Amino acid sequence: MGQAIEVASTARRRVAPRPWVGAVIVPGDDTGHPGFTGATDGRTGPHAEVVAIAAAGDAARGSTLYVTLEPCAHHGATPPCADAVIDAGVSRVVIGVTDPDPRVAGEGISRLRAAGVEVEVGVGSELVSEQLAPYLHHRRTGRPWVVLKLASTLDGRTAAPDGSSMWITGEEARQDAHRLRADSDAILVGAGTVRADDPALTVRLPAAERGPDDTEPLRIVLGTAPADAAVHPCLERSGELGPILDELGARGVLQLMVEGGATVAGAFHRAGLVDRYVMYLAPALFGGDDGTPLFAGPGAPSIAELRRGRIVEMRRVGDDLRLDLEGM
């Protein structure tokens, strides 16, 4: 399953809104075989299971298939994977997580078991659920997985009193944030940020980290962007955040990256619409209370109403610290 998770990661940026799935076929007569691997092939090609089966050929008969997500049981861009697994003569299927898509939702497992295939579910489920969090969330709620990216000094300031903010974090952290952009289907900022900073909101990574099928995220501005802003072409939206997320989910946006500024960050936070906070903390201090804070607007009125979550990851990125938080 670890191998399947690893190969799935190679498909992340070139398959959405499909799930990035990995599969490994281990021949039944050779437990030492490294396995035949497959990942979801682009936005219209075969699913991971079918790619792995094709790589295995006759070795698929009597084999064990490890796959990160439940094989589909419906006709979409491709025929049902459950049928392909059965037709290939696979004896056993080990699944990371079930697929919450209502067109699947256990039907793939049921079809495999009805055909006499041994099925085990839940192996590596925590790691797979983390890897597929945007897809699983989208299929369960119809909305994108919202990642709020924040960068600040240790005393929680994102810009100096004169408005200057380039650069609080170092180059390594900024490159890491571009990887977050590359993994996202859309990026959202407020019109105030567009007027102040004129961001292009494009992905700027070394050529070695960009594939030929990688696409630029959809750019969204809350409010109206100046006609000559670098963010164009973009979607301009206003009003309640919930309907905006519903629209983006209907467009197939699985992961939405919110980049600010403080007013937009505060609005998403207070509405409880952030699924993951990614905070880059620089080893720097403004030393006062007149810089721009992480969030604008009213906060928790008392300690009893303080939002508390959990740190799901913490690592150094160059000289800066990255904290990933959920459950706030």
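Residues numbered from 1 in each chain as written. Predicted model: local features only at pLDDT ≥ 70, side-chain atom pairs only at ≥ 80, totals over all residues. Heavy atoms only, no water.

(A) Seen up close, the pattern of salt bridges. All told, the structure shown has 23 salt bridges when counted by the stated rule. For the salt bridge of Arg 322 with Asp 176, the shortest nitrogen-to-oxygen distance reads 2.6 Å. Linking Arg 322 in strand S15 (residues 320-326) with Asp 176 in helix H8 (residues 171-183), this pair joins segments that are 146 residues apart in sequence. You'll find Arg 322 and Asp 176 in the same group, each marked buried. Residue Glu 209 pairs with Arg 179 through a salt bridge whose shortest N-O separation is 2.8 Å. Of this pair, Glu 209 sits in the loop between helix H9 (191-197) and strand S9 (218-222) while Arg 179 is found in helix H8, placing the two residues 30 residues apart along the sequence. Glu 209 gets classed as partly exposed once you look at its relative accessible area, which sits at 29%. Arg 179 sits in the partly exposed class, given a relative accessible area of 29%. One salt-bridge network, in which partners are shared between bridges, spans Glu 130, Asp 176, Arg 179, Glu 209, Arg 276, Arg 310, Glu 313, Arg 315, Arg 322, Asp 324 and Glu 326. (Salt bridge = Lys/Arg side-chain N within 4 Å of Asp/Glu carboxyl O. Helix = DSSP H or I, 4+ residues; strand = E, 2+ residues; numbered from the N terminus. Buried < 20%, exposed > 50% of the residue type's maximum accessible area, 1.4 Å probe, protein only.)

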